[in-house]
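# Report on the structure
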Amino acid sequence: MEKVFGTNLGNWLVLEKWMSSFIFEGTDAEDEVWLARLLPKDELEKRMKKHRDTYVTEEDFANIAFHGMNLVRIPVPYFIFGDREPFVGCIEYLDLAFEWAQKYNLKILVDLHTVPGSQNGYDNGGITGVCKWYKNKEEVQFALSVLSRLARRYADHPALYGIEVLNEPISFSVYMTAPSTGKARDKEEAKGSGYVPMAFLKPFYEKAYKELRKYLSEDKVIVFHDGFRLGRWGNYFQKKGMRNVALDTHIYIFAMENFVPIHAKWVYQLYMAVNARSLKKAGKYVPVIVGEWCIANRRAQKLVEHAEKKEACRKAYREVADIQKRVWDNTAGSIYWNYQLYRNKTEAFDEPWKNGWDLSRCWLNGWID
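Remember, predicted model here, so these are calculated numbers, not experimental data. (Residues numbered from 1 in each chain as written. Predicted model: local features only at pLDDT ≥ 70, side-chain atom pairs only at ≥ 80, totals over all residues. Heavy atoms only, no water.)

## A closer look at the overall build of the chain
Heads up, the rule is: Helix and strand definitions here come from DSSP, where helices need a minimum of 4 consecutive H or I residues and strands a minimum of 2 consecutive E residues; each element is numbered from the N-terminal end. Computation of the radius of gyration draws on C-alpha atoms, with the globule rule given as 2.2 Å multiplied by the number of residues to the power 0.38. Throughout, a residue-residue contact means that at least one pair of heavy atoms, one from each residue, lies within 4.5 Å. Using a 1.4 Å probe, the Shrake-Rupley method yields the accessible areas, and only the shown protein chains count as cover for residues.
Regarding its fold elements, the chain presents 14 helices and 8 strands. Taking 2.2 N^0.38 as the reference for a compact globule, 369 residues should give roughly 21 Å; the C-alpha atoms of the chain span a radius of gyration of 20 Å, in line with that estimate. In terms of overall dimensions, the chain has C-alpha extents of about 55 × 50 × 45 Å along its principal axes. Residue pairs in contact within the chain that sit at least 24 positions apart in sequence constitute 75% of those at least 6 positions apart. By element, 52% of the accessible surface of the chain is carried by carbon and sulfur atoms, the whole surface being about 15,900 Å².

## Quick notes on a positive patch on the surface
Basically, it comes down to this: Only residues above 30% relative accessible area that lack a salt bridge enter a patch, with like-charged residues linked at up to 9 Å and the nonpolar side chains Val, Leu, Ile, Met, Phe, Trp and Tyr linked at up to 5 Å. We count a salt bridge whenever a side-chain nitrogen from Lys or Arg sits within 4 Å of a carboxyl oxygen from Asp or Glu. Residues scored as positive are Lys and Arg, those scored as negative are Asp and Glu, and His as well as the terminal groups of each chain are ignored. Where a charge sits is defined by one atom per residue type, namely NZ (Lys), CZ (Arg), CG (Asp) or CD (Glu).
A surface patch of positive charge is lined by R277, K280, K281 and K284. Considering the arrangement of structural elements, one finds R277 in helix α11 (residues 265-283).

## Here's the deal with the nonpolar core
Note the following rule: In this description, a nonpolar core means a group of buried Ala, Val, Leu, Ile, Met, Phe, Trp, Tyr and Cys residues linked to one another through side-chain atoms lying within 4.5 Å. Burial classification: accessible surface area is computed with a 1.4 Å probe over protein chains only, and a residue below 20% of its type maximum counts as buried, one above 50% as exposed, and the rest as partly exposed.
W12, I74, L94, L150, V165, F224 and I295 are the most contacted members of the largest nonpolar core, which totals 125 residues. If you tally residues by element for this core, the top one is helix α5 (residues 137-154), at 9 residues. When neighbours within four sequence positions are excluded, W12 is seen to be in contact with H51, R52, Y55, V56, I74, Y93, A97 and W100. Judged by nonpolar contacts, the second largest core, of 10 residues, contains L71, V223, A246 and I335.

## Description of the pattern of salt bridges
Considering all chains together, one arrives at 25 salt bridges under this definition. Close ionic contact of E30 with K17 constitutes a salt bridge, the shortest N to O distance being 3.2 Å. Pair noted here: E30 is in the loop between β1 (4-8) and α1 (32-38) and K17 is in the loop between β1 and α1, with a separation of 13 residues, a long-range link. Across the salt bridge formed by R84 and E139, the nearest N and O atoms sit 2.8 Å from each other. Of this pair, R84 sits in the loop between β2 (71-76) and α4 (91-103) while E139 sits in helix α5, placing them 55 residues apart in sequence.

## Quick look at unusual backbone geometry
Along the chain, E85 connects to P86 via a cis peptide bond; the corresponding omega equals 5 degrees. Locating P86 in the fold gives a position in the loop between β2 and α4. In the segment running from W337 into N338, the intervening peptide bond is cis, with an omega of 10 degrees. With respect to the secondary-structure elements, N338 resides in the loop between β8 (333-336) and α14 (359-365). Despite not being glycine, N11 has its phi angle at roughly 70 degrees, a positive value.

## A few points about helix α3 (residues 58-66)
Note that an α-helix has 3.6 residues per turn; residues three or four places apart therefore point the same way. Threshold: As used here, the arc is the angular range of directions from the helix axis to the C-beta atoms.
Those residues of α3 lying buried are D60, F61 and I64. Along α3, the residues classed as buried sweep out an arc of 100 degrees about the axis, all on the same side. Facing away from the buried side of α3 by over 90 degrees, the exposed positions are E59 and F66. Check the buried side of α3 and you find it contacts β1, α2 (41-55), β2, α4 and α14. Two residues or fewer after α3 comes G68, characterised by a positive phi angle close to 90 degrees.

## Describing the packing of aromatic side chains
Aromatic ring pairs are defined here through the distance separating the ring centres and the angle between the ring planes. This is how it is decided: Pairing of aromatic side chains requires ring centres within 6.5 Å, counting the rings of Phe and Tyr and the six-membered ring of Trp. Pairs whose planes differ by under 30 degrees are stacked, by over 60 edge-to-face, and all others tilted. A ring has a charge above it when a Lys NZ or an Arg CZ is no more than 6 Å from the ring centre and no more than 35 degrees off the ring normal.
The final tally for this structure, using the stated rule, is 25 aromatic pairs. On the numbers, 5.5 Å between centres and 55 degrees between planes, the contact of W233 with Y236 is tilted. In this pair, the class of W233 matches that of Y236, namely buried. Judged by centre distance (5.3 Å) and plane angle (45 degrees), the rings of Y252 and W357 are tilted. Linking Y252 in the loop between β6 (245-250) and α10 (253-256) with W357 in the loop between β8 and α14, this pair joins segments that are 105 residues apart in sequence. Three or more aromatic residues joined by ring pairs make a cluster, and in this case those are W133, Y134, F200, F204, Y205, F224, W233, Y236 and F237. Over the ring of Y215 we find R152; its NZ or CZ atom is 5.5 Å from the centre of that ring. Cation over ring: R185 sits above W34, and NZ or CZ is 4.8 Å from the ring centre.

## Points about the pairing of β2
Note the cut-off: Strand pairing follows a simple DSSP-based rule, namely that at least 2 bridges must link the two strands. Handedness is read with the strands pointing away from the viewer; a crossover is right-handed when the path from the first strand over the helix to the second is clockwise.
A large share of β2 lies buried, amounting to 6 of its 6 residues. The side-chain alternation of β2 yields two buried faces, one formed by L71, R73 and P75 and the other by V72, I74 and V76. In terms of strand pairing, β1 meets β2 through 3 bridges, oriented parallel. Paired with T7 across the bridge in β2 is V72. Here β2 runs beside strand β3 (residues 107-112); their pairing, made up of 6 bridges, is parallel. Within β3, the residue paired with P75 across the bridge is D111. As a crossover connection, the stretch from β2 through α4 into β3 is right-handed.

## Considerations on the environment of L44
In this fold, L44 is placed in helix α2. When the C-alpha atoms of L44 and P86 are compared, they prove to be 9.0 Å apart, with 42 residues separating the residues in sequence. The contact partners of L44, leaving out residues within four places of it in the chain, are A36, L39, P86 and V88.

Encoded structure:
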């Protein structure tokens, strides 16, 4: 399996309000589902077209390739084919991405990032506070049909690296501690929400693998998110006869800091040492890709607010980058989250904590290679 070094093109085809809140202006929607429900159809189509036409362009693919990366992971919504009202489909933009990727010798990992009823209750799962997709057999089947259609469409495209079955199906421990749990806009809609159990996830992954392999040759990689349970998979994929698969795990220092109030270099080193051990153990059975990571951290965040501490801030970001990259070097690859937050890369962020999430900004500031 080719080692991947890439970046996510998040917030392009799947919106996340914290990344570009201006798209949500004039509404009190906190996620893409409610944005589509609250905006008139013509206004929704207008906003989505403007955003999708400008947020990622051919220039970005050229820039990503220029910096030595070999892959982009593209989150896509379940309504990508335009067959779910009131949402606006976006398959034509994914087609464009494949054209640009081929032109600049990049590979694409297509990532099904949302499903109807959500798999995690995050805004990145489409709707905040709702997580009950897995309980609806029809919607589970619909998700499989979306994967099938994506596979058929791009199976023979030279830029296809593979397809990721589902982003971040949530575990019990993460569900219980997630800030979005219990914060659904419509409490009735959220009734029955809960974590996605392994008893469902494993059979679903088997079905998805079989469905995708109908169209994808074995040189295309099928990727499975670990469901925030990296240590629970062992030799499962081998036992099921799955070939050329990879396990995706997401590791964020910023998330760790929510539970550890000490923002010091040694804490980050310890955290990464623990992760390195887990990655090595899981990697004995299946290639592991760190599909989301970034250099955002509260130590640097405190420094970025003070102009006189600019060099210390740069050093803090650089240290956090190096600490993580040394660990990623021993995996099947890593994919940064995210390529950008704002289209204007020279614009200062309104909220300093966003520094370190935007890879383009990190490059501009010399925080990361």
